[in-house]
Amino acid sequence: MSDRRSSPRPAVADGSTAGYSEAADALAVQYEQVSFEEVHREVLHLLPVAPARVLDVGAGTGRDAAALAARGYRCVAAEPTAELRAHGERIHGTRTVHWVDDALPELPLHRHPGRFDAVFATAVWMHLNEAERRGSMARTASLLAPEGRFFLTLRHGPVPEGRRMFDVSAAETVLLGRSYGLRVVHRSERDDLHGREGVRWTRLVLAAG
């Protein structure tokens, strides 16, 4: 299956984190305008029981990781954009969230080995091309503990200038997860919480075991 870019096509988009360093200040404000509970309200009932171990991939400012830590979870936040990590450490601190400079598909996590009861990838998957998605699903499946759950969102619609995004369907993602032993336990659709025209989201939760 070949990738199709979401429309309109961005002018510059080299690498999954393209455009994020330059926009980090504005993005930090945007990310913090909505709460963890607003973003994930449809799947809060699927969270493991605290103090489970949780990995937030592409953590941005750490909004989700900090909220999970406040709920009693042991959280690792992986964010490859230094500017966003700096904002996250300033806003949420480093005492309850363990920050790492790591990214999919490799996601080595040398300082935090072992498996996780939940992995979050919020607004991450659509930045990965087909080969990267395959590698990322394999890596995520290997990181999940038995009965662990993978929480992810897929963005659909116009691509911001300078970003790299692909039109990734829920069906493709579910099928890819199944090939690595993950089954779908939740699927839903919602409009964009920031009110951006033409943007909508798919929410998926895939479970191991």
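This text gives an overview of the structure that appears in the document. As a convention, each chain's residues are numbered from 1 in the sequence order in which they are written. Two thresholds apply to this predicted model, a pLDDT of at least 70 for residue-level local features and 80 or more for giving and counting side-chain atom pairs, whereas whole-chain, interface and lining totals are computed over all residues. Hydrogens and water are ignored here; the side-chain numbers use all heavy atoms of the structure.

### Details of the overall build of the protein
In plain terms, the rule: Helical segments are the DSSP runs of H or I of at least four residues, strand segments are the runs of E of at least two, and each set is numbered from the N terminus. A simple rule labels every residue: compare its accessible area, found with a 1.4 Å probe on the protein chains alone, to the largest value its type can have, and call it buried under 20%, exposed over 50%, or partly exposed in between. Contact criterion: two residues are considered in contact whenever any of their non-hydrogen atoms come within 4.5 Å of each other. In this description, accessible areas are obtained by the Shrake-Rupley approach with a 1.4 Å probe, and a residue is regarded as covered only by the protein chains that are shown.
On a plain count of helices and strands, the protein comes out with six helices and seven strands. Put simply, the protein runs from its N terminus to its C terminus through helices and strands in the order α-α-β-α-β-α-β-β-α-β-α-β-β. Here the protein, with 209 residues, has 51% of them falling under the buried criterion. Intrachain contacts of the protein at a sequence separation of at least 6 include 72% that bridge at least 24 residues. Here the protein displays about 9,500 Å² of accessible surface, and carbon together with sulfur accounts for 50% of that area.

### Focus: helix 4 (residues 82-92)
Stated precisely, the cut-off is as follows: The directions from the helix axis to the C-beta atoms form the arc being described.
Within the sequence span of helix 4, burial applies to Leu84, Arg85, His87 and Gly88. Along helix 4, the residues classed as buried sweep out an arc of 160° about the axis, all on the same side. Residue Gly93 follows helix 4 closely and has a positive phi angle near 80°.

### Side note on the packing of helix 5 (residues 130-143) against helix 6 (residues 170-179)
The condition that has to hold: With axes taken as lines fitted to C-alpha atoms, and helix axes fitted only over the stretch in contact, angles between N-to-C directions fall between 0 and 180 degrees. Relative orientations are named as follows: roughly parallel for angles under 35 degrees, roughly antiparallel for angles over 145 degrees, roughly perpendicular for angles from 65 to 115 degrees, and oblique for any other angle. Should the near helix be turned anticlockwise from the far one by less than a right angle, the crossing is termed left-handed; should it be turned clockwise, right-handed. Side-chain classes are defined by residue name, with Ala, Val, Leu, Ile, Met, Phe, Trp, Tyr, Cys and Pro counting as nonpolar, Asp, Glu, Lys and Arg as charged, and the others, Gly among them, as polar.
It is the contact of helix 5 with helix 6, at a shortest axis distance of 9 Å, that shows an interaxial angle of 45°. With respect to their mutual orientation, helix 5 and helix 6 come out oblique. Seen from above, helix 5 lies across helix 6 with right-handed handedness. Here helix 5 contributes Arg133, Arg134 and Met137 to the contact with helix 6, which in turn contributes Glu172, Thr173, Leu176 and Gly177. For the contact of helix 5 with helix 6, the per-class residue count stands at two nonpolar, two polar and three charged.

### Considering the environment of Glu42
For Glu42, the location among the structural elements is in the loop between helix 2 (36-40) and strand 1 (53-57). The spatial distance from the C-alpha of Glu42 to the C-alpha of Arg203 is 8.5 Å, given a sequence separation of 161 residues. Residues in contact with Glu42, not counting those within four places in the same chain, are His186, Ser188 and Arg190.

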